[in-house]
Structure formats: C-alpha cells, structure tokens
Amino acid sequence: MNCTLLYHSYMKIRVRKTVEQLWRGILDLIFPRNIWQKEFDSLHTNDIYQLRPKSIDEYTWIHSLFDYKDTCIRESIHTLKYNGNKSVAQKYGVLLHDYLIHILEDTITFEFSRTPPSFLLVPVPLHTHKKRDRGFNQAELLVNEILKCDTTQLLFHIPNSIIKTRETPAQSSLSSKQKRMQNLQNCFSVPQPHILQDQYVILIDDLYTTGTTLERIRALCFQAGARKVLAFTIAH
C-alpha cells in the first residue's frame, strides 16, 4: 500500500512538472524570454556560484555575491527588479541565505553566548507610489525567499521597519556621490525606532553601486539604536 501511494505521488510530481514544462513552452512561443533568462532558469543553484563571485571592497560591512558586469547576473537582476521573477528571487534567496549565515558564523558564536541569536532582515524600501506602480519590491521578494530557507529561525522580518517617505530620482542618474547623498536627504524614516533598538540588522537589496543608499539607511538604524548593521546584495 505504501509503495502504491509513493508511486502515485511520484507520478503526480512527474505530471505536474511535464505540464509546467509544456506551459512554459507555450509561453515562450507567445512571449519569448530573453536568452539570458533562459540560461539563468536552466542553472542549478550550485552552478550560479561559478558566475564571478564578487571580492570584498572598501565597504567591509556590505557583502555582495556577484559582479554586476557579468551578463547573466545583470540580466537576471533586471528580470527580478522589473518583472518580479519568482524563480530568480528563489535562487538568489537560497544563495543569499547561505552566504549571510556563513558571514554571521563568528557573530553567532561569540556575541550570542548567553541569548539565542536573532537577526532582523530589512529590505531596502521603495516609495509607496513606486511599489504600487511596479506591484512589488524586489528586496522584499528576496527577504521572503531567504526566510523560507531559515529552518533554524535565526532570522526574522518586521514589515515597514524602515520606509521611504519621499520619491527621488534614480541614484544611477546622478553623477557624483555628493549629489546622491543630497538626493537621499530625509527620504527614509524609522516609524517605530524601538523595533531596531539593540538589534542586529541585515539590510537586503538586489544591487548596490556606490553604497550611498545603504549608508543612509545604516545611519538611520544606528540612530534608532541598532547594535550592528550589515548589508547583503546580489551584486555590485
């Protein structure tokens, strides 16, 4: 009886996968995907590690997995950022989870000797207008996928821990760091500072270019009483 149930379960999975593949084929005919999207979708999570890991640069508290110059990485981030691609979010969520747990090992070992370790995940926020127009925040998609991997419950997320209160021009459109800093002046806020009090905060975003946005949010976290602030992104 058990063998029969296992067989039927196996066949259901096979049928579902076949239907998904057929449906994807139909969609490809109607709405062709970019060649880089197809390449990324075909990769196993372990394969993605081979795509140009990004070495640590001047921001020792910002950790990025990959180099944005890699075409596959750049195109996959684009589909995440503007299309909300769930398969891309899922793969990067797994990678970011494993990476941040690796980076946090020493903190967990030496700074949580008497209390259970916990880290607050904070997605870099979008202004409500932009999020409504786009339909999602790609950083929130990543946080959701990271939390699905967190079987040990080291990580948690409180929505709207940090919000963006003012719409701003894209940072990439500004030529100097001074202009980028001015662009972000008074555009983020912490509605409930006590949430960040004495917390280990992990900022999550898809990409960082100059680090100005992450710097601004990090400063707000410390003003609210955060104990430590790190950032993790897919690429730089």
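Quick caveat: nothing in here was measured; it's all calculated off a predicted structure. (Residues numbered from 1 in each chain as written. Predicted model: local features only at pLDDT ≥ 70, side-chain atom pairs only at ≥ 80, totals over all residues. Heavy atoms only, no water.)

### Considerations on the overall build of the protein chain
Scanning the protein chain from N- to C-terminus turns up 10 helices and 7 strands. Scored against the burial criterion, the 236 residues of the protein chain give a buried share of 42%. In the protein chain, once contacts between residues fewer than 6 apart in sequence are set aside, the share between residues at least 24 apart is 75%. Surface summary for the protein chain: the accessible area is close to 13,700 Å², and the carbon and sulfur share equals 54%. (Helix = DSSP H or I, 4+ residues; strand = E, 2+ residues; numbered from the N terminus. Buried < 20%, exposed > 50% of the residue type's maximum accessible area, 1.4 Å probe, protein only. Contact = heavy atoms within 4.5 Å. Areas by Shrake-Rupley, 256 points an atom, 1.4 Å probe, with all protein chains shown as cover.)

### Some details on unusual backbone geometry
A positive phi angle, close to 55°, is found at Q153, a residue other than glycine. Looking at the secondary structure, you find Q153 in the loop between α8 (138-149) and β3 (155-156).

### Regarding the packing of helix α4 (residues 71-83) against helix α5 (residues 86-103)
It is at 8 Å that the axes of α4 and α5 come closest, and there the two elements cross at 120°. In this structure, α4 crosses over α5, and the sense of that crossing is left-handed. Of the residues in α5, those in contact with I73, S76, I77, T79 and L80 of α4 are V88, A89 and Y92. Class assignment for the residues of the contact of α4 with α5 results in 6 nonpolar, 2 polar and no charged. (Axes fitted to C-alpha atoms, helices over the stretch in contact; angles between N-to-C directions. Left-handed = near helix turned anticlockwise from the far one by under 90°. Nonpolar A, V, L, I, M, F, W, Y, C, P; charged D, E, K, R; others polar.)

### Considering the pairing of strand β1 (residues 62-66)
On any regular strand, side chains alternate: one points to one face of the sheet, the next to the other face. Among the 5 residues in β1, 5 count as buried, and that is most of the element. Two strands pair when backbone bridges link them, and β1 and strand β7 (residues 228-235) are joined in this way by 4 bridges, in the parallel orientation. Across the sheet, F66 pairs through a bridge with A235, a residue of β7. (Pairing = 2+ DSSP bridges.)

### Details of the nonpolar core
When a protein is soluble and globular, its nonpolar side chains tend to lie buried together. If you look at the biggest cluster of nonpolar residues, it comprises 57 residues, and the most contacted ones within it are F66, Y92, L196, L203, I204, C221 and I234. Mapped by element, the contributors of at least two residues to this core are β1, α4, α5, β2 (119-123), α8, β6 (200-207), α10 (212-223) and β7. Top contributing element to this core by residue count: α5, with 7 residues. L196 has contacts with L120, S161, I162, V190, V201, C221, A224, G225 and A226, leaving out every residue within four places of it along the chain. (Core = buried A, V, L, I, M, F, W, Y, C linked by side-chain atoms within 4.5 Å.)

### Digging into α10
Over its 12 residues, α10 runs 17 Å from end to end, which matches the ideal 16 Å to within 8%, given 1.5 Å per residue. The positive-phi residue at the C-terminal boundary of α10 is G225, with phi of around 100°. (Expected span 1.5 Å × (residues − 1).)

### A short note on the side chain of T107
For T107, the location among the structural elements is in helix α6 (residues 105-111). The class for T107 is buried, based on a relative accessible area of 7%. A polar contact of 3.5 Å, which involves the side chain of T107, links it to the side chain of K228. Sequence-distant contacts of T107, defined by excluding residues within four places in its chain, comprise F112, F119, Y200 and K228. (Polar contact = N/O pair within 3.5 Å; in protein donor to acceptor, adjacent residues only side chain to side chain.)

### Structural notes on the sheet that holds β7
Strand pairing in a sheet is mediated by backbone hydrogen bonds. Such pairs are either parallel or antiparallel. Judged by pairing direction, the sheet is parallel, and its 5 strands sit side by side in the order β1-β7-β6-β2-β3 without closing on themselves. Whereas interior strands pair on both sides, the edge strands pair on one side only; in this sheet they are β1 and β3. Taken together, the 2 bridges between β2 and β3 define a ladder with parallel strand orientation. Bridge assignment links L120 to a residue of β3, and that residue is F156. Contacts from α5 reach β1, β3, β6 and β7, with the element oriented near 135° to β1. Of the strands in this sheet, β2, β3, β6 and β7 are in contact with α8, which crosses β6 at around 120°.

### Observations concerning the packing of α5 against α8
It is at 8 Å that the axes of α5 and α8 come closest, and there the two elements cross at 60°. Taken together, the axes of α5 and α8 lie oblique to each other. In the crossing of α5 with α8, the sense of the turn from one axis to the other is right-handed. Together, A89, Q90, Y92, G93, V94, L96, H97 and L100 of α5 and L141, L142, E145, I146 and C149 of α8 make up the contact between the two elements. (Parallel < 35°, antiparallel > 145°, perpendicular 65-115°, else oblique.)

### Overview of the packing of aromatic side chains
Under the defined criterion, the tally for this structure stands at 7 aromatic pairs. For the pair Y99 and F232, a centre-to-centre distance of 5.8 Å together with 90° between the ring planes defines the contact as edge-to-face. Of this pair, Y99 sits in helix α5 while F232 sits in strand β7; the two residues are 133 residues apart in sequence, bridging distant segments of the chain. Neither Y99 nor F232 differs from the other in exposure class; each is buried. Taken together, the ring pairs in this structure connect Y59, W61 and Y208 into an aromatic cluster. When the ring centre of W61 is taken as reference, the NZ or CZ atom of R218 above it lies at 4.3 Å. (Phe/Tyr/Trp six-rings, centres within 6.5 Å; stacked < 30°, edge-to-face > 60°. Lys NZ or Arg CZ within 6 Å of the ring centre and 35° of its normal.)

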